[in-house]
Amino acid sequence: MEMNRSSFFSNFHTNYISTSSFVRSLLYSLILCSYLDISNANNVFESLLQLPHYSKSESFRNTSSNSTTVLYIDDFGARGDGITDDTQIFLYVWKQACASTSHQKIVVPAGKSYLVGPIDFAGPCHSKVTLRISGTIVAPWNPDVWDGLDPHKWLYFHDVEKLTVEGGGIIDGMGQEWWARSCKINETNPCRHAPTALTFHKCEKLKVRNIMIVNSQQMHMAFTASTLIAASHLRILAPSHSPNTDGIHISASTHVVIKSSTIHTGDDCISIVSNSSRIRIRNILCGPGHGISIGSLGKYDSWAEVHDVKVDGAILSNTQNGVRIKTWQGGSGFVSMVTFRNIWMENVSNPIIIDQYYCDSPLPCENQTSAVNVRDIAFVGIKGTSATEEAIKFACSDNFPCTKLYLEDIQLISYTGWFTKSFCWEAYGSSSGFIYPHPCFPCNNLIIKQKALYSSIQSI
């Protein structure tokens, strides 16, 4: 018989505060198995606690099979010693694969470390290409390597269709020196751009699975102007103090599915910005980090729109925010048809937050009348503990209030045992079921209207 999730979390929470941190970690691993519907507990523990296991017996030596040609990086002269620069070998093999009219599989073997500098994997390709990373791809440690080059890019794929990146290996951004030079770490340093470890720009029908990305210089993975994306079983790891290290960044992309992934980082675990739609996020473990965010949007008085986003199933632990929408004053556009559902939080600051006064600047941001419009947002089945008194915060624009907000089955108590509360400014909506802390909307509509709103969002 399937466990009632509401009962499960209620029973779990009554005793969790008294447990040790080690036992708590084990309990959360078990939650991930049951709550996120991951069937194999051993795989969960391996993804949380271990690096991938490499098998030296793994073999792809057949040069062709079922019209697939296998290209081993080593066969083209790559050293894989972590010292020799293998960038040109990777680029040569990519061009060979991309030019072929049959399916090509590029293999980066297990047990080796390949030093690769900034590289442009350009399309379009004539056929399907698979990049199987079983070993480690490591970036140059010195940021000066990027002098005269585009500072945003390290492993940059663009204009590629039907690409698969997989293999159980590691992509190591070697971001430590970048972080040390960041103006967010040391204000005397000049602010500069840093590379995204793995970027997919104008890609279509893309699959990314079973990859670990660690210590990225800035963002770990970015999808920009891309469509039909499936990303799963990813492990993204960086220290909590690493600046601007978003786990997965989605920009101007549509039809994106991200699921069954673990993200520990110093910024947003997942961020969704500028003109993205039809985004589905399921079964995510996030923390440390800044939570799952839509935004920031509207910076420099820009237009932005994000709509049709569903986050269903996540555990957030020790994050600076939970589920968040953030916009700058002066922007325009809208965020609509967004649902955050079935989310468990442990010691999370700002578990539920909409902030239309976002200001990531050393100087105060001036008040402006224009704003990105936020409407039709649902928060359903969100439970756990808040590290701050305001467990629910809706700070909305005076001229463009948040409308049609919806709360259902919310239980957010204090991590330290104090009371929690809600804060509303120009926020309007309704609620249904048990809500704690008590909703702060000026008035609640009839239950029939509440259910009609949520049903309409779910049917999209």
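A. Main features of the overall build of the protein chain. Tallying secondary structure elements over the protein chain gives six helices and 31 strands in all. Looking at the 460 residues of the protein chain, the share that counts as buried comes to 54%. The contacts in the protein chain between residues at least 6 apart in sequence include a share of 74% that link residues at least 24 apart.

B. Structural context of the pattern of salt bridges. Scanning the model with the defined rule gives 14 salt bridges in all. Here Lys153 and Asp150 are joined by a salt bridge, their closest N and O atoms 3.6 Å apart. The closest approach of N and O atoms between Arg280 and Asp308, which form a salt bridge, is 3.0 Å. Pair noted here: Arg280 is in strand β21 (residues 276–286) and Asp308 is in strand β23 (residues 303–317), with a separation of 28 residues, a long-range link.

C. Structural view of the pairing of strand β10 (residues 161–166). Both strand β7 (residues 129–133) and β10 contribute to a ladder of four bridges, which runs parallel. By the bridge assignment for β10, Val129 is matched with Leu163. Across four bridges, the pairing between β10 and strand β13 (residues 204–209) is parallel. In the sheet register, Thr164 faces β13, and the bridge partner there is Lys207.

D. Region of interest: helix α4 (residues 87–99). If you check α4, its first and last C-alpha atoms are 19 Å apart, about what 13 residues at 1.5 Å a residue would give, namely 18 Å. Within α4, burial applies to Thr87, Phe90, Leu91, Val93, Trp94, Ala97 and Cys98. Buried positions in α4, seen along its axis, are confined to an arc of 165° and lie on one side of it. Exposed residues pointing more than 90 degrees away from the buried face of α4 are listed as Gln88 and Lys95.

E. Layout of the side chain of His290. Mapped onto the secondary structure, His290 falls in the loop between β21 and β22 (292–297). A distance of 3.2 Å separates a polar side-chain atom of His290 from the backbone oxygen of Gly266. For His290, the residues in contact, after removing those within four places along its chain, are Gly266, Asp267, Asp268, Cys269, Gln320, Asn321 and Arg324.

F. Geometry of the sheet that holds strand β15 (residues 221–224). Pairing within the open sheet is parallel, and its eleven strands lie in the order β6-β9-β12-β15-β18-β20-β22-β24-β26-β28-β30. Only two strands of the sheet have a single neighbouring strand rather than two, namely β6 (119–122) and β30 (421–425). Shown here is a sheet whose adjacent strand axes are inclined to one another by a mean of 15°, direction ignored. Here strand β12 (residues 196–201) pairs with β15 via four bridges, running parallel. In the strand pairing of β15, His201 is matched with Thr224. Sheet strands touched by α4: β6 and β9 (153–158). Its angle to β6, the strand with the most contacts, is close to 5°.

G. Up close: the pairing of β30. Along β30, the buried face is formed by Ser422 and Cys424; none of Lys421, Phe423 and Trp425, which line the opposite face, is buried. Of the strand pairs in this sheet, strand β28 (residues 390–395) and β30 are connected by five bridges, and their pairing is parallel. Bridge pairing in β30 places Lys393 opposite Phe423.

H. View of the packing of aromatic side chains. In this structure the tally under the stated criterion is 13 aromatic pairs. For the pair Phe200 and Phe223, a centre-to-centre distance of 5.7 Å together with 20° between the ring planes defines the contact as stacked. Note that Phe200 is positioned in strand β12 and Phe223 in strand β15, a separation of 23 residues in sequence. The exposure class assigned to Phe200 is buried, which follows from its relative accessible area of 0%. Ring geometry for Trp328 and Tyr358: centres 5.5 Å apart, planes at 90°, overall edge-to-face. Of this pair, Trp328 sits in the loop between β24 (323–327) and β25 (332–348) while Tyr358 sits in the loop between β26 (352–355) and β27 (373–386), and the two are 30 residues apart along the sequence. Counting every residue linked through ring pairs, the aromatic cluster contains Trp94, Phe121, Phe157, Phe200 and Phe223. The ring of Tyr156 carries the charged tip of Lys153 above its face, separated from the ring centre by 4.0 Å.

Reading guide: rules and limits
- Residues numbered from 1 in each chain as written.
- Predicted model: local features only at pLDDT ≥ 70, side-chain atom pairs only at ≥ 80, totals over all residues.
- Heavy atoms only, no water.
- Helix = DSSP H or I, 4+ residues; strand = E, 2+ residues; numbered from the N terminus.
- Buried < 20%, exposed > 50% of the residue type's maximum accessible area, 1.4 Å probe, protein only.
- Contact = heavy atoms within 4.5 Å.
- Salt bridge = Lys/Arg side-chain N within 4 Å of Asp/Glu carboxyl O.
- Pairing = 2+ DSSP bridges.
- Expected span 1.5 Å × (residues − 1).
- Arc of directions from axis to C-beta.
- Polar contact = N/O pair within 3.5 Å; in protein donor to acceptor, adjacent residues only side chain to side chain.
- Axes fitted to C-alpha atoms, helices over the stretch in contact; angles between N-to-C directions.
- Phe/Tyr/Trp six-rings, centres within 6.5 Å; stacked < 30°, edge-to-face > 60°.
- Lys NZ or Arg CZ within 6 Å of the ring centre and 35° of its normal.

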